[in-house]
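Listed below are the residues making up each chain.
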Amino acid sequence: MQASIPYGRQDITQSDIDAVVEVLRSDYLTQGPVVPKFEQAVAQFCGAEHAVAVNSATSALHIACLALGLGPGDMLWTSPITFVASANCGLYCGATVDFVDIDPRTYNLCPIALESKLQSAEKIGRLPKVLVAVHLCGQPCDMQAIHVLAKRYRFKVIEDASHAIGGRYQGQPIGNCRYSDITVFSFHPVKIITTAEGGMAVTNNAHLAEQMVLLRSHGITRDPARMTHEPDGPWYYQQIALGFNYRMTELQAALGVSQMDRLHTYVERRHALAKRYDALLAELPVTTPWQHPDSYSGLHLYVIRLQLDNTGLSHASVFKALRAQGIEVNLHYIPVYAHPYYEKMGFRAEDFPQAQRYYAEAMSLPMFATLSEDQQDRVIGAIRQVCTSPVYDASITFVEPTSIKG
Ligand SMILES: *Cc1c(COP(=O)(O)O)cnc(C)c1O
């Protein structure tokens, strides 16, 4: 049996390894000079004024919400088709969470659905304080439309760009925060660049950056200007807020700085692979990803929709058949409201018809910078065989071959 092909994976070069080893031999493993260097590299790349590195995008979302003043009695809205972290950050702050249905073409939060939900919410005095706009697969949301609504209804905007570093919106880098308050990136190994675990929040607002710096390290300040009285002595610091230990290490930052050198190449490679998928899938009963002309996706994910009516197959049977061949297709994502923890809050699937339909058909194909054309051909061959094989009967329960379990 051939080695299986994951849906995503990191690329680590000798220069990455050298950069991390250099930090290991240096004086600082944490709180040294490399984290600020990584922050500067990302801020410069994105055209944002401030960057705050943390130990995950989840942490970045949490302190971004806190910096924006989200708390008990407030509401956070986001897309239901995202990783749970985009919504959980609201719950961490004691706020309540609600969802806006997706656009059927981009699978991002739909600005038309957003506007009508805002109109209803205004009537009952339940407007959101924060909207988390998730750039699913790396394709940016319609940020200009969201920005107009944010001004009219006075809510703050966080871009969850965990999938999108290296992408562009209206020709400008995602992360420049032109239409948002804060943008968050993830550096988990499946994402576009990695620091093992890690995340970053970027903003053009100095006050928000200062708050996030405070919150990532216990709420402690060493700046006399922020203290309630003169320092007691040279040892002095003050805790002035309830913060966390969300710091990124120097090892992670060194890996990040080194990976940033290849960000551009990585995204270009993903686009070349996507173009090839588009062409090779054209004759098959699947819908390939539609790209808005305003967007240049970071292409973290390549999601197709199965035209199940045309094949007579079930969603799960296609996954099982592909995984049995070592093609590690995945589903991004289970609608957040459908998880038991959220279900008990009273969400109804009928309120999100586009998200429901998406969840019934979506499948992420392997997509990462080092995916070879041979591997890609194997993926296509397997999909062709599964989706067009006339003998395949979806009503027969699929049994996993023992070879896959070793
Ligand atoms: C991966 C991801 C996160 C969380 O990132 P971590 O760095 O693993 O905390 C948040 N939102 C989205 C959309 C993601 O894909």
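Calculation rules
Residues numbered from 1 in each chain as written. Predicted model: local features only at pLDDT ≥ 70, side-chain atom pairs only at ≥ 80, totals over all residues. Heavy atoms only, no water. Helix = DSSP H or I, 4+ residues; strand = E, 2+ residues; numbered from the N terminus. Rg over C-alpha atoms; globule rule 2.2 N^0.38 Å. Buried < 20%, exposed > 50% of the residue type's maximum accessible area, 1.4 Å probe, protein only. Contact = heavy atoms within 4.5 Å. Pairing = 2+ DSSP bridges. Axes fitted to C-alpha atoms, helices over the stretch in contact; angles between N-to-C directions. Near = heavy atom within 4 Å. Polar contact = N/O pair within 3.5 Å; in protein donor to acceptor, adjacent residues only side chain to side chain. Areas by Shrake-Rupley, 256 points an atom, 1.4 Å probe, with all protein chains shown as cover. Phe/Tyr/Trp six-rings, centres within 6.5 Å; stacked < 30°, edge-to-face > 60°. Lys NZ or Arg CZ within 6 Å of the ring centre and 35° of its normal. Salt bridge = Lys/Arg side-chain N within 4 Å of Asp/Glu carboxyl O. Lys, Arg positive; Asp, Glu negative; His and termini not counted. 1 Å grid on protein atoms, 1.4 Å probe; cavity = no way out; pocket = protein on both sides within 12 Å on 5 of 7 lines; lining within 4 Å. Points joined across faces, edges and corners; volume = space filled by probe spheres on them. Nonpolar A, V, L, I, M, F, W, Y, C, P; charged D, E, K, R; others polar. Domains from an automatic or database assignment. Buried area = accessible area lost by both parts, 1.4 Å probe.

**Q** An account of the overall build of the protein chain is requested, with residue identities and associated values reported.
**A** Per the secondary structure count, the protein chain includes 14 helices and 15 strands. A globule of 406 residues ought to have a C-alpha radius of gyration of about 22 Å, and the protein chain, at 22 Å, matches this closely. With the principal axes as the frame, the protein chain shows a C-alpha extent of 80 × 60 × 40 Å. Residue burial in the protein chain is summarised as follows: out of 406 residues, 52% are buried. Sequence-distant contacts, at least 24 apart, represent 73% of the contacts inside the protein chain between residues at least 6 apart.

**Q** Describe in detail the environment of Gly 175, supporting the description with residues and values.
**A** Structurally, Gly 175 is set in the loop between strand E7 (172-173) and strand E8 (182-186). Separated by 133 residues in the primary sequence, Gly 175 and Val 42 place their C-alpha atoms 8.9 Å from one another. When near neighbours in sequence (up to four residues on either side) are disregarded, Gly 175 contacts Cys 46, Ala 48, Thr 183, Phe 185 and Val 202.

**Q** Requested: an account of the sheet that holds strand E14 (residues 302-306), with residues and values cited.
**A** Hydrogen bonds between backbone groups are what pair the strands of a sheet, and the pairing can be parallel or antiparallel. Ordered in space as E12-E14-E15, the three strands form an open sheet in which the pairing is antiparallel. One side of each edge strand has no neighbouring strand; the edge strands of this open sheet are strand E12 (286-287) and strand E15 (362-365). Pairing analysis gives four bridges linking E14 to E15, with the strands arranged antiparallel. Within E15, the position partnered with Val 303 by the bridge is Ser 364. Contacting E14 and E15, helix H12 (residues 353-361) crosses the sheet at an angle of about 90 degrees to E14.

**Q** Tell me about the site of the ligand, and name the residues and values.
**A** Around the ligand sit 15 residues in total, of which Thr 58, Asp 160, His 163, Ser 186 and Lys 191 are the nearest. A distance of 2.9 Å separates an oxygen atom of the ligand from a polar atom in the backbone of Ala 57. In the environment of the ligand, an oxygen atom lies 3.1 Å from a nitrogen or oxygen atom belonging to the side chain of Tyr 333. Burial of the ligand by the surrounding chains reaches 93%, relative to a free accessible area of 380 Å².

**Q** So what about the packing of aromatic side chains? Which residues, and what values?
**A** If you walk through the whole model with that rule in mind, you get 12 aromatic pairs. Centre to centre, the rings of Phe 244 and Tyr 246 are 4.8 Å apart; their planes meet at 10 degrees, and the pair counts as stacked. In this structure an aromatic cluster arises from ring pairing among Phe 99, Tyr 337, Tyr 341, Tyr 342, Phe 347 and Phe 352. Lying over the aromatic face of Trp 290, Arg 105 brings its terminal NZ or CZ to 3.9 Å of the ring centre. One Lys or Arg, Lys 117, reaches over the ring of Trp 77 and ends 5.4 Å from the middle of that ring.

**Q** Account for the pattern of salt bridges, with residues named and values stated.
**A** Under the counting rule described, the total for this entry stands at 11 salt bridges. Residue Arg 276 is joined to Asp 377 by a salt bridge in which the shortest nitrogen-to-oxygen separation is 2.9 Å. Remark: Asp 377 occurs in helix H13 (residues 373-388) and Arg 276 occurs in helix H9 (residues 263-281); sequence separation between them is 101 residues. Classification of Arg 276 as partly exposed rests on a relative accessible area of 21%. Looking at Asp 377, the relative accessible area reads 36%, which means it is partly exposed.

**Q** Tell me about the side chain of Thr 194, and name the residues and values.
**A** If you trace the backbone, Thr 194 turns up in the loop between E8 and strand E9 (199-203). At a separation of 2.7 Å, a polar atom in the side chain of Thr 194 contacts the main-chain carbonyl oxygen of Phe 187. Not counting residues up to four positions away in its chain, the partners in contact with Thr 194 are Gln 10, Ile 12, Phe 187, His 188, Pro 189, Leu 255, Gly 256 and Gln 259.

**Q** Any details on the side chain of Asp 103? Residues and values, ideally.
**A** For Asp 103, the location among the structural elements is in the loop between strand E3 (96-99) and helix H5 (111-123). We note that Asp 103 is buried and unpaired, the nearest opposite charge coming from Arg 105 at a distance of 4.6 Å.

**Q** Tell me what's going on with the layout of surface pockets, and back it up with residues and numbers.
**A** In this model, the largest pocket occupies a volume close to 560 Å³. Taken together, 21 residues line the largest pocket, and the ones lying closest to its centre are Gln 31, Val 213, Arg 216, Ser 217 and Ile 220. Counting residues per element, the ones that place at least two in the lining of the largest pocket are helix H2 (34-46), helix H7 (206-216) and strand E10 (220-221). A class-by-class count of the residues in the lining of the largest pocket yields seven nonpolar, six polar and eight charged. Put simply, the second largest pocket is a space of about 320 Å³. What lines the second largest pocket is a set of 23 residues, among which Phe 83, Ser 162, Ser 186, His 188 and Lys 191 lie closest to the centre. Residues of the lining of the second largest pocket, tallied by class, amount to 10 nonpolar, 10 polar and three charged.

**Q** I'd like a description of helix H4 (residues 85-92), backed by residues and values.
**A** The buried fraction of H4 is high, at six of eight residues. Listed as buried for H4 are Ala 85, Ser 86, Ala 87, Asn 88, Cys 89 and Gly 90. Contacts made by the buried residues of H4 are with helix H3 (57-67), strand E2 (75-78), E3, strand E4 (130-134), strand E5 (156-160) and helix H11 (340-343). Directly beyond the C-terminal end of H4, a positive phi value near 85 degrees is found at Gly 94.

**Q** Give me the lowdown on the domain arrangement of the protein chain, citing residues and values where you can.
**A** Domain assignment breaks the protein chain into domain 1 (14-260) and domain 2 (263-388). Relative placement of domain 1 and domain 2: their C-alpha centres are 26 Å apart. Between domain 1 and domain 2, the contact holds 39 residues from the first and 34 residues from the second. A combined buried area of about 3200 Å² lies between domain 1 and domain 2, and 65% of that area is made up of carbon and sulfur atoms. When the buried surface of domain 1 facing domain 2 is broken down by residue, Tyr 107, Cys 137 and Ile 192 rank first, second and third, together holding 18% of it. Here domain 1 is connected to domain 2 by zero salt bridges. One can count 20 residue pairs in polar contact (both at pLDDT 80 or more) joining domain 1 with domain 2. Of all elements in the fold, only H4, E3, strand E6 (168-169) and helix H8 (250-260) reach the threshold of two or more residues within the side of domain 1 that touches domain 2.

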